[in-house]
Structures are given as structure tokens and as C-alpha cells.
Amino acid sequence: MSGKEGSGGFRKRKHDYFPRGQKREEKENVTPSSALMTSFKSFQLELDTRHDKYERLVKLSRDITIESKRTIFLLHRFISAPNGEEILNESEVKLDAVRRKIKQVAQELIGEDVYQFHRAISPGLQEYVEAVSFQYFIKTRSLISVEEINKQLIFTAEDREETTNTTSSSHDKQPHTWSLKITPVDYLLGVADLTGELMRLCISSVGNGDIDTPFELSQFLRQIYDGFTFIGNTGPYEVSKKLYTLKQSLAKVENACYTLKVRGSEIPKHMLADVFSTKTELIDDDSLP
């Protein structure tokens, strides 16, 4: 039997080696003004500040998501609207409001590591990428690059400071610049979500009698799908999850093109959208496990 064991064969706990009076004295010796307590109070303040900032960023990300979705809903009216330029101008106004929210995010992240708060702002940035790329496709029929998106997220403001010094005259305005860069992962996830909106645009355009848009969208979606297949399982987990949804959207658009090519002359134009919606439901049912 070792010396650390008692008569009953049980190991003593560490605090049993210290008298109770000594432990009480140690507790009484810890004062609020000690260096240890001061350090822990500073840690508490730092953690509380970080958590509060994280919650503010989550709320801003929700606002960005809501406004971006409203912009996407507005852009879907471009096909059926009599004046498409008004829709594009109104969407630009909404996107400017979203960028003002992103500017607040950039101001919150001044001096911080962006990746520590990335999970708080990632959903909003993905939705913004989806809205911006959707508007860009309607305008140019091409995909916007991440560099062009980041150029729009450089914000400049002038901070006017009043000084009591009478000798200072012309240096009362100091320019400040804030920027927030979209990460490659957020860009890819936003583009993957864009394919679902393009699929809806295809169906609505056929309902309005536009026969050329589905074939154009089919070619565009096929190029995006080819690009994502090059990433495959080597990229982030979220990107590989989006690949299945992207493939579904491509299948729906290709099915619409097939119906237009084979049976387009047999079905009246006002019934094409109903035929496509029915076939889309069949594709969704077949894809379910």
C-alpha cells in the first residue's frame, strides 16, 4: 500500500492535505483590487464586448438578407413589367440600401479579425451576392466577378471635426475609408443560390411567351455547373451541398428547353408555363428519397 492511500485503500483528495483554516485565509486574502481579479475583470469586459458585437452583426446580417430577398423578388418582375428600366432603377436603390447596411458591418469590424465574426455575417453576404449577380445577369447576361462585387463595397465618408485651435484652418475634414471583402466561399455559395432564381426566371419567361430565354439560361447554367464540378469534393463542405441543388435547377431548365424544342409547336403559349410547373413537380418528387 502506498503512502498516498489511507487505511481503507482510498486515495485522498488534494484539498484534504490543507487545513480548513488555511483555505479560509486564502479566500479572505483575495481582494477585488488584486492583480488577479483585475485581469479577470478585463477578460470579462473583453468577452462581453465581443459577444455584443457578434449579436449586432447577426442583426445586421438579417437586415441584409431581408433587403436582398426583396430585391430579388422585385427583379423577377422584370420579365412581365412594361418598363423594365424602372425595375432596374428601383432594384439599384434597394441595393444601395443594402450596401449601407454592409457599411455598418465594415465599421463594426474595424480593427477586428473578420474571420472571428464570419459566421455572423456570412448568410447576409451570400444573399447579397445572389441579388447583385441576379441584377447583373439581367443587365448583361453574364456572371459578375468577385472583384467587381468587392469594388462596390469600398465606402468613403468625411468626418468633420471641430477644433478649438484657432491656428488650424483647412484640416477640419478627414476622409475615412471602410471596406468589406466577399470571401471566395461566400461568392460561390451566392452564385449557387443564383441558379435557383435563374430557373424561376426561365419558367416565368416561358409563361410570358419568351422562347429564347430558356435556351440562353440553359447554356449559362451548364457553364456554372461545369465550373462547380471542377471543385467537386475538394472545396468547402457547403459548396458540395449546393452542387446537388444546382444540378436540380439545371435539370428543370433543360427539361423546359426539351419541351419547347419538341412540343413547342403543339402546346399554346399560355399553357406552356402550366406544363413546365407540372414537370417540375415530377422532377422534385423523383429526387426525393
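Scoring rules and cut-offs
Residues numbered from 1 in each chain as written. Predicted model: local features only at pLDDT ≥ 70, side-chain atom pairs only at ≥ 80, totals over all residues. Heavy atoms only, no water. 1 Å grid on protein atoms, 1.4 Å probe; cavity = no way out; pocket = protein on both sides within 12 Å on 5 of 7 lines; lining within 4 Å. Points joined across faces, edges and corners; volume = space filled by probe spheres on them. Helix = DSSP H or I, 4+ residues; strand = E, 2+ residues; numbered from the N terminus. Axes fitted to C-alpha atoms, helices over the stretch in contact; angles between N-to-C directions. Parallel < 35°, antiparallel > 145°, perpendicular 65-115°, else oblique. Left-handed = near helix turned anticlockwise from the far one by under 90°. Contact = heavy atoms within 4.5 Å. Nonpolar A, V, L, I, M, F, W, Y, C, P; charged D, E, K, R; others polar. Buried < 20%, exposed > 50% of the residue type's maximum accessible area, 1.4 Å probe, protein only. Expected span 1.5 Å × (residues − 1).

(A) Main features of the layout of surface pockets. Estimates place the volume of the largest pocket at around 230 Å³. Around the largest pocket, the lining residues are His118, Arg119, Ser122, Pro123, Gln126, Val185, Asp186, Leu189, Glu238 and Lys242. Elements represented by at least two residues in the lining of the largest pocket include exactly α4 (118-140), α6 (184-207) and α8 (237-263). The element contributing the most residues to the lining of the largest pocket is α4, with 5 residues.

(B) Examining the packing of helix α2 (residues 35-75) against α4 more closely. Between α2 and α4, the least distance of the axes is 8 Å, while the angle of their chain directions is 20°. For the element pair α2 / α4, the angle class is roughly parallel. Considering only the axes of α2 and α4, their crossing is left-handed. Here α2 contributes Tyr54, Leu57, Val58, Ser61, Ile64, Thr65, Ser68, Lys69, Thr71, Ile72 and Leu75 to the contact with α4, which in turn contributes Arg119, Ala120, Ile121, Pro123, Gly124, Glu127, Tyr128, Glu130, Ala131, Phe134, Gln135 and Ile138. Partitioned by chemical class, the residues of the contact of α2 with α4 number 13 nonpolar, 6 polar and 4 charged.

(C) Broad picture of the packing of helix α3 (residues 84-108) against α4. Look at α3 against α4: their axes get within 11 Å of each other, and the N-to-C directions meet at 155°. For the element pair α3 / α4, the angle class is roughly antiparallel. Crossing of α3 over α4 shows left-handed handedness. Seen from α3, the contacting residues are Leu88, Ser91, Glu92, Leu95, Val98, Arg99, Ile102 and Val105; seen from α4, they are Ile121, Leu125, Tyr128, Ala131, Val132, Gln135, Ile138 and Lys139. Grouping the constituent residues of the contact of α3 with α4 by class yields 11 nonpolar, 2 polar and 3 charged.

(D) Focus on the environment of Gly190. Mapped onto the secondary structure, Gly190 falls in helix α6. Each C-alpha atom of the pair Gly190 and Tyr128 lies 7.6 Å from the other, and the pair is 62 residues apart in sequence. Residues within four places of Gly190 in sequence aside, it is in contact with Gln126, Val129 and Glu130.

(E) Structural context of the side chain of Glu197. Mapped onto the fold, Glu197 is located in helix α6. On the accessibility criterion, Glu197 (12% relative accessible area) is buried.

(F) Fine view of helix α7 (residues 212-231). Between the first and last C-alpha of α7 there are 30 Å, a value that for 20 residues agrees with the 28 Å anticipated at 1.5 Å per step. Inspection of α7 places Thr213, Pro214, Leu217, Ser218, Phe220, Leu221, Ile224, Tyr225 and Phe228 among the buried residues, and these make up the whole buried set. Following α7 by one or two positions, Gly232 adopts a phi angle in the positive range, close to 60°.

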